[in-house]
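# Structural overview
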Amino acid sequence: MQQLLNTLVERNKRWTKEGKVATYIPELGKGDPSVLGISIIDLNGNLYNAGDYKYKFTLQSITKVVTLMLALIENGKEKVFQYVGMEPTGDPFNSIIKLETIKPSKPLNPMINAGAITTVSLISGESPEERLHKILTLIHKMTGNYGITYNEKVFQSEYQTGDLNKALAYFLRTHNVITGDIEEHLEVYFKQSSIEVTTEDVAKIGAVIANDGKDIYNNQEIIPYEVVRIAKTFMVTCGMYNASGEFAINVGIPAKSGVGGGILATVPRRFGIGVVGPALDEKGNSIGGVKLLEDLSQKLDLSIF
Ligand SMILES: NC(=O)CC[C@H](N)C(=O)O
């Protein structure tokens, strides 16, 4: 496995030159486009790392999976899907268009920004700090890394340039999809996007999902299976933005990408995988990361289909 990962990272590194780091959040523009790294962990806890696996990046959209799971744990399936849908959009992650054309207005799924702002609004707490703490606590439990927190500079940068996300949130309140203090919801949303990790942390999140919500070391339940099942399904149908269909054909495993260049992937009952490569393709997915996963899926026969 170690040999295979080293070879695949080496082989796919050239793709990083074809992509671009996200710059619409200025702090993300400082990402290193040449980076490509991977961690993979099996359900016995054997961990393999290759390439730039020590590189730190922010979860960005990957955290939408965690936030969805927390919203489901707190509110139940029925209530969550009263406010957010279950269908792929075919549009970019930050698009506003279908919020207006679909009646009654409701984000199509929890993996796009409008949907994640909605699931964030369903996580309760006395203050934004308390709500963020709940998200971090779930991530701490899944990764076993209690040092994980958000990156203040990325948060500030997202907040200052997040007009479109703010517009989505206020639009949703007008249509009674979100209630309460929008500025507080946005603070939690931007902070959970800015949570900083390595590929190893992401692989461990993937391993808990691969293990049906249970800790791989002691088999204790962290997340109920029904919640994991829903999250995994959204990762297949909507996890790679409007490239989810292509990814399902070429890789075939539940995955979620973020504009920080990370990809969370999970192979049910087999592996958790974390990838980083900040150079993105035109849809916002890590260009080298997707190619690396394509090769890995072929070599290890990972596709669930
Ligand atoms: N696609 C992403 O990773 C988007 C997340 C980012 N925080 C945003 O709201 O724009």
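Residues numbered from 1 in each chain as written. Predicted model: local features only at pLDDT ≥ 70, side-chain atom pairs only at ≥ 80, totals over all residues.

## Here we look at the domain arrangement of the protein chain
On domain assignment, one finds that the protein chain holds domain 1 (2-60 + 197-300) and domain 2 (61-193). On the domain 2 side, the residues contacting the 35 residues of domain 1 number 31 residues. Those elements that place two or more of their residues in the side of domain 1 that touches domain 2 are α10 (199-210), α11 (225-238), β5 (255-257) and β6 (262-267). Among the elements that take part in the side of domain 1 that touches domain 2, α11 stands out by supplying 7 residues, more than any other. When its residues are assigned to classes, the side of domain 1 that touches domain 2 shows 21 nonpolar, 10 polar and 4 charged. (Domains from an automatic or database assignment. Contact = placed C-beta atoms within 7 Å. Helix = DSSP H or I, 4+ residues; strand = E, 2+ residues; numbered from the N terminus. Nonpolar A, V, L, I, M, F, W, Y, C, P; charged D, E, K, R; others polar.)

## Points about the UniProt feature "binding site: substrate" (unreviewed entry) in the protein chain
UniProt feature "binding site: substrate" (unreviewed entry): in the numbering of this structure it lies at Ser61, Asn113, Glu158, Asn165, Tyr189, Tyr241 and Val259. With respect to the helices and strands, Asn113 occurs in helix α5 (residues 113-121). Judged by local crowding, Asn113 falls into the buried class, with 22 C-beta atoms found within 10 Å. By the element assignment, Asn165 lies in helix α8 (residues 163-174). (UniProt positions renumbered as here; feature names shortened; annotations may be inferred. Buried ≥ 20, exposed ≤ 12 C-beta atoms within 10 Å, placed from the backbone.)

## A look at the nonpolar core
Counting residues in hydrophobic clusters, the biggest one holds 91 residues, and the most contacted among them are Ile38, Met69, Ile117, Ala231 and Ala255. Split by domain, this core shows at least three residues from each of two domains, domain 1 (2-60 + 197-300) and domain 2 (61-193). Setting aside its immediate chain neighbours within four residues, Ala255 contacts Met235, Gly239, Met240, Phe247, Ile263, Leu264 and Ala265. (Core = buried A, V, L, I, M, F, W, Y, C linked by C-beta atoms within 7 Å.)

## Details of the confidence of the model for the protein chain
Per-chain confidence: the protein chain averages 97 in pLDDT, with 100% of residues scoring 70 or above. At the level of chain-chain contacts, confidence expressed as ipTM amounts to 0.95, with global pTM at 0.97. (pLDDT = per-residue confidence, 0-100.)

## A short note on the site of the ligand
Surveying the vicinity of the ligand reveals the residues Gln60, Ser61, Phe93, Asn94, Asn113, Glu158, Asn165, Ser193, Gly258, Val259 and Gly284. Here the residues of the shell around the ligand are counted per class, giving 2 nonpolar, 8 polar and 1 charged. Looking at which domains feed residues into the shell around the ligand, each of domain 1 (2-60 + 197-300) and domain 2 (61-193) supplies at least three. (Near = placed C-beta within 6 Å.)

## Observations regarding α5
Counting buried positions over the 9 residues of α5 gives 9, a clear majority of the element. Asn113, Ala114, Gly115, Ala116, Ile117, Thr118, Thr119, Val120 and Ser121 are the residues of α5 that are buried. The elements touched by buried residues of α5 are α2 (63-75), α3 (77-83), α4 (97-101), α8 and α9 (182-193).

## Observations concerning the packing of α5 against α8
The N-to-C vectors of α5 and α8 enclose an angle of 60°; their axes lie 10 Å apart at closest approach. Read as a crossing pair, α5 and α8 show a hand that is right-handed. Where α5 abuts α8, its residues Asn113, Ala114, Ile117 and Thr118 lie against Asn165, Leu168, Ala169 and Leu172. Across the contact of α5 with α8, the residue classes break down as 5 nonpolar, 3 polar and no charged. (Axes fitted to C-alpha atoms, helices over the stretch in contact; angles between N-to-C directions. Left-handed = near helix turned anticlockwise from the far one by under 90°.)

## A closer look at the packing of helix α6 (residues 128-143) against α9
It is at 9 Å that the axes of α6 and α9 come closest, and there the two elements cross at 35°. Both α6 and α9 take part in a crossing whose hand is right-handed. Only Glu184, Glu187, Val188, Lys191 and Gln192 of α9 make contact with α6, whose side of the interface consists of Pro128, Arg131, Leu132 and Ile135. A class-by-class count of the residues in the contact of α6 with α9 yields 4 nonpolar, 1 polar and 4 charged.

## Focus: the environment of Gly31
Along the chain, Gly31 turns up in the loop between α1 (2-12) and β1 (37-42). Sequence separation between Gly31 and Lys20 is 11 residues, and the spatial gap between their C-alpha atoms is 9.7 Å. When sequence neighbours within four positions are dropped, the list of residues in contact with Gly31 reads Val21, Gly261 and Pro278.

## Some points on the sheet that holds β6
Overall, antiparallel pairing links the 5 strands, which are arranged β2-β1-β7-β6-β5 in an open sheet. One side of each edge strand has no neighbouring strand; the edge strands of this open sheet are β2 (47-51) and β5. Strand-to-strand, the axes of this sheet are offset by a mean angle of 10°, without reference to chain direction. Sheet analysis places β1 next to strand β7 (residues 271-276), joined by 6 bridges and oriented antiparallel. Paired with Ile40 across the two strands is Ile273, which belongs to β7. (Pairing = 2+ DSSP bridges.)

## Section: unusual backbone geometry
In the segment running from Lys103 into Pro104, the intervening peptide bond is cis, with an omega of -5°. Along the chain, Pro104 falls in the loop between α4 and α5. Not every positive phi belongs to a glycine, and Asn219 is a case in point at roughly 60°. Counting through the fold element by element, Asn219 comes out in the loop between α10 and α11. Here Tyr241, not a glycine, exhibits a phi torsion of approximately 55°, which is positive. Along the polypeptide, Tyr241 turns up in the loop between α11 and α12 (244-250).

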